[in-house]
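Chains, contacts and geometry: an overview
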Amino acid sequence: MKDILRVLRRSLPQGGKLPEEVWWSRHRGILVLLWLHAVAIPVYALIRGYPVWHTLLESAIVPSAAFVATTTLVPRRVRTAVASVGLLSSSAVLVHLSGGLIEMHFHFFVMVTVVALYQDWIPFLASIAYVLIHHGMLGALDPSSVFNHPAARADPWRWAGIHAFFIAGISAVCLVTWRLNETVLAQRRAAETRLKEEQARLALMAEAGRVLTSSLELEAIVRNLTRLMVPAVADTCVVDLVEEDGSIRRAASAAAPAIRHLFESIANDAPDPDDDVHPVSRAIRTGRTELIEAVPDSLVAQAIADADHREALRKTRPSSAIIVPLAGRHEILGAVTIGTVEMTRRRFSSENVPLVEELAGRAAIAVENARLYSRQRGAAEALQHSLLPDRLPTVPGLGTAARYIPGGPGASVGGDWYDVLELPDGTLGVAMGDVVGHGVPAASLMGQLRNALRAYALDGYPPVEVMRRLNYMLHDIGAPEHMATLVYATFDPDEGRLRLTNAGHPPPLLIGPEGDASFFEEGGGVPLGAMSAPRYEEASLVLAPGTTLLLYTDGLVEDRSTSLEEGFDRLRSATLDRSHDDLQALCDHVILRSMRDRDSDDDVAVLALRYLPLGDRFSVRVPARPAILKPLRATLRRWLRDAGATEQEMYEILAASGEACANAIRHGSGPKTATFEVEASRDGDVHIVVRDRGRWREPRSSLGGRGLMIMKEFMDEVDLATSQKGTEVTMRRTLSGANGGTDR
Amino acid sequence: MKGSQVRFSASGDVVVGRVEGDIDLANAGRIAEELLTKISADDPVGLLIDLAAVPYVDSAGVRMLFEVANHLQLGRQRMSIVIPESSPVYRLLKVTHVGEIAHLCGSQEEGIEILRRSGTQDLA
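Overview of the structure. (Residues numbered from 1 in each chain as written. Chains lettered and ligands numbered in written order. Predicted model: local features only at pLDDT ≥ 70, side-chain atom pairs only at ≥ 80, totals over all residues. Heavy atoms only, no water.)

1. Considering the overall build of chain A
For chain A, the count of helices and strands is 23 helices and 21 strands. A burial count over chain A gives 48% of its 744 residues as buried. Considering only intrachain contacts with a sequence separation of at least 6, the fraction spanning at least 24 residues in chain A is 70%. As displayed, chain A has an accessible area near 35000 Å², and 57% of this comes from carbon and sulfur atoms. (Helix = DSSP H or I, 4+ residues; strand = E, 2+ residues; numbered from the N terminus. Buried < 20%, exposed > 50% of the residue type's maximum accessible area, 1.4 Å probe, protein only. Contact = heavy atoms within 4.5 Å. Areas by Shrake-Rupley, 256 points an atom, 1.4 Å probe, with all protein chains shown as cover.)

Okay, structure coming up:
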């Protein structure tokens, strides 16, 4: 019996509500049918010869029903029921008007199948009941109006039963059809839903693959992950990452626009890693996904310490959440938490977990790669930066400037480096190199080369010898794959002599005092490390005052889309007529030009050295260090030579100036940043002014006063002015050549 | 191309220190140390400082010369300085009275001769 019931139930229609648009299209058809009856029945009645009042009275029920079923004031279910009753009433009226014509009973059968179109139990059962009651009751009261044959008239209830049986038969057929229809529809709908879900999943995964791998920057990856989740998968999303010290950092958060303002307040509420209650801490600790199908208020209360933030989260009315750990190869990197809120009426179940886990898996790979990359890049960058001079030495009579621009985020750190050295003989050493390779190995090799170069250069070896030794170090001692290009030059500010050797590096650019620019290609040789004992040659050149030497790395001229020649041309044209620019501005200008024009994100280093013209008057501010005395003398000597001083005069003025400067240095021995100023001018006589911010050191003994004595001995006039601001030494000397010869 | 340095040689019991390069505030201390180290190691009769290849000396250099001379005096040792009169430094040494603590002579031979002679005079 039970089995029969179950089979019966399974084969009966579920009576699922028709979609609005389907119901409406069927109802519309039925309404048309109903209104046709409302017109046709009175016509039939008149033809049959009924009086007009009888016709109107008897057929009034049909248009009434049609009217109610048409109006939109009553609910859909009522309209359905009224339309069904209206149709069956049409049958009843027709049977009655025809005097129980048996063929008119067929009309009932047709109407019952029409009502079945609603696929609604209520009108359907009502229809069957209507037929039974109509036939039985009316048949008993007035059999001739229902049946037209004697047997039925004699026993109306029996015949009503017979009619009802056939009605039930056709109903059964309708039911089965209805049920089958339902099944097919449900299957198709399910298949469509699955297909849509699968398509959405595939699209999301494709998007995830694209978005998560589009960057190696950690912050961008987690931000992209939240954008991937909201709103496609969830209403809220936060990403928490485990930091190196074990703490948890909230790396990104996102929420649907309607609740974003509330959600922002908890954007930084990262959980305590040791919190037992917080599902994020738990997921990170256990490495297992946490599904919260209904978020209890107690969880909100426990998870968020700050009362205001807790209130804000409550206001978003969280409904469900999934927390998936971001599992790296060796450790849990963090967790991604997605949530739903009441407002959107969606809610997570275990069905959502696989998709979220898959997304989290991809995100974890991206996060791990980004961490590795940033660790390596960070190390390489830090190493490289520590190896570049943080400021260039100030050399009187010479201008220096440098600029280093690291490669773009996608590029690895290169081995570009430059150095400017004050050599013990008063000359200046300048170097620009590029280690072949990238990352930490390149940066570390660059460090070795830089230190070796410093050592050899400070030992006073000329460029060719420095190169030879560096090559020996790199090629014969270092690994065979180690290679580097390097320009090393010394510059003597006294004579203006440049001595240069180039080991496979792009040629330096010389910008003349008149603004003409040309590449200096002499003194070239193979890159360091390329071969054993190569021949390096020294190119020597006396620079005219006002000349600028520009050293750079290939990043400035190399380009993926154009030839190296074009790169050189571009650099040359960028420097034309720039001989009077501020040097720092010149460096910036060439880098900006090159970045604008080229298709490369390689790192770039530029170093500019200018042999400053001194003119009739020049002044320099230099650091208060003894090492500055020598290059300062070289510059003063150059200026005095231009002024026409004899060797002896030069010596004496230098000696007097040197004493004033040495004194300024002794004053400035306190802070490392102390400087002093030297000003030289000539107007027939030579004037030297040395200013510092200290006080003139009074001679304590005969030894201490020697400096002042030298100054007074060698100069025609010496004036010492000490104030709160510092000391100013003013000296004057008449040159023999300048005014007809004062014999000193 | 190197920074200023001292090259030592010996002629009998006289140590010769030839300075090449400028002597100024930046390196006077180091040069003094090199000279004094050599003296205490070799304990010579006298020290001849050759400044013929020194284009520039400042007051710190002069002070250094005085210090070295003082040190030598304590050990009853003598000091001479080679400085040609044509050198611009000559006038500075004159002006600063370096000649009062050390013989100024034109060549190494002359200087060594002077040191030897004064040494024997002292002994006699």
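2. Comments concerning the interface of chain B and chain A
With 22 residues of chain B at the interface, the matching set in chain A holds 30 residues. Across the chain B to chain A interface the summed buried area is about 2400 Å²; carbon plus sulfur atoms make up 59%. On the surface where chain B and chain A come into contact, there are three salt bridges. One salt bridge connects Asp24(B) with Arg633(A), and the closest N-O pair in it is separated by 3.0 Å. Here chain B is connected to chain A by six residue pairs in polar contact (both at pLDDT 80 or more). Among the secondary structure elements, those contributing two or more residues to the side of chain B that touches chain A are helix H2 (59–74) and helix H3 (88–95) of chain B. With five residues, H3(B) is the largest single contributor of residues to the side of chain B that touches chain A. Residue composition of the side of chain B that touches chain A, grouped by class: twelve nonpolar, four polar and six charged. (Buried area = accessible area lost by both parts, 1.4 Å probe. Salt bridge = Lys/Arg side-chain N within 4 Å of Asp/Glu carboxyl O. Polar contact = N/O pair within 3.5 Å; in protein donor to acceptor, adjacent residues only side chain to side chain. Nonpolar A, V, L, I, M, F, W, Y, C, P; charged D, E, K, R; others polar.)

3. Quick look at the sheet that holds strand S4 (residues 318–327) of chain A
Residues and elements named next belong to chain A. Strand order in this open sheet of five strands is S2-S1-S5-S4-S3, and the pairing throughout is antiparallel. Taken across any chain shown, the strands that pair with only one partner, and hence form the sheet edges, are strand S2 (248–255) and strand S3 (290–292). Between one strand and the next, the sheet's axes are offset by a mean angle of 15 degrees, whatever the strand orientation. Sheet topology places S4 next to strand S5 (residues 332–341); nine bridges connect them, and they run antiparallel. (Pairing = 2+ DSSP bridges. Axes fitted to C-alpha atoms, helices over the stretch in contact; angles between N-to-C directions.)

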